[in-house]
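Listed here are the chains, written in short residue letters.
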Amino acid sequence: MAKEKSIDMKTIFLTSMFAIIPFTIINQAFSVLNKSLSGRDYISMKNYFAKSQPDYYPVLIMFILFFTVMAIVTVYSIIHTRLPGHWVLRGALIGIVLFLVADLPYAAYTGFTTVIPLSYARGIAIWGLAGNIVNGSLIAYIYMKISDSETRNK
């Protein structure tokens, strides 16, 4: 019989709470980096992006990202014992899987079905991969620290 592992919702919740702000900042930093490196392409597609967002947009994004990060951390908490021992390798694997599941299909879709230049879509994919690897490492590190402190407290 396989040994059942219980899911520690407190660790998942705390990891999600501590990871959401850096997760958002890292994603936006890589987006700004892509915009600055692909400046000419970004200027050529100014009409593709909305001129302004509603006032509740940041709250909506944080709400959606919280549940996204919570789902990622939940899956990570289930499989983290099967991943390599070092948190950086674990984070890189999480980031690569996130990239393959989310950013690569988005970049392919926007690159081939919209007026976005392909070079900008490639930038979305490349910087999305970099951002996901950093965010995966961040999640693995925060989860490790919180689960270690929970273990020590017990």
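Just so it is clear, the structure is predicted and the values come from calculations on it, not from any experiment.

Focus: the packing of aromatic side chains
1) Next: Under the defined criterion, the tally for this structure stands at 6 aromatic pairs.
2) Next: Judged by centre distance (5.8 Å) and plane angle (80 degrees), the ring pair of Phe-13 and Phe-66 falls under edge-to-face. Residue Phe-13 is located in helix α1 (residues 9–37), and its partner Phe-66 is located in helix α3 (residues 57–79); the two are separated by 53 residues in the primary sequence.
3) Next: Between Phe-66 and Phe-67 the ring centres are 5.3 Å apart and the planes differ by 75 degrees, which places this aromatic pair in the edge-to-face class.
4) Next: Residue Phe-66 is classed as buried on the basis of its relative accessible area, which comes to 12%.
5) Next: What links up through ring pairs into an aromatic cluster is the set Phe-13, Phe-63, Phe-66 and Phe-67.

Observations concerning the side chain of Asn-132
1) Next: Here Asn-132 is to be found in helix α5 (residues 118–153).
2) Next: For Asn-132, a relative accessible area of 7% gives the class buried.
3) Next: Discounting chain neighbours no more than four positions away, the residues touching Asn-132 are Gly-95, Leu-98, Phe-99 and Asp-103.

What counts and what doesn't
Residues numbered from 1 in each chain as written. Predicted model: local features only at pLDDT ≥ 70, side-chain atom pairs only at ≥ 80, totals over all residues. Heavy atoms only, no water. Phe/Tyr/Trp six-rings, centres within 6.5 Å; stacked < 30°, edge-to-face > 60°. Helix = DSSP H or I, 4+ residues; strand = E, 2+ residues; numbered from the N terminus. Buried < 20%, exposed > 50% of the residue type's maximum accessible area, 1.4 Å probe, protein only. Contact = heavy atoms within 4.5 Å.

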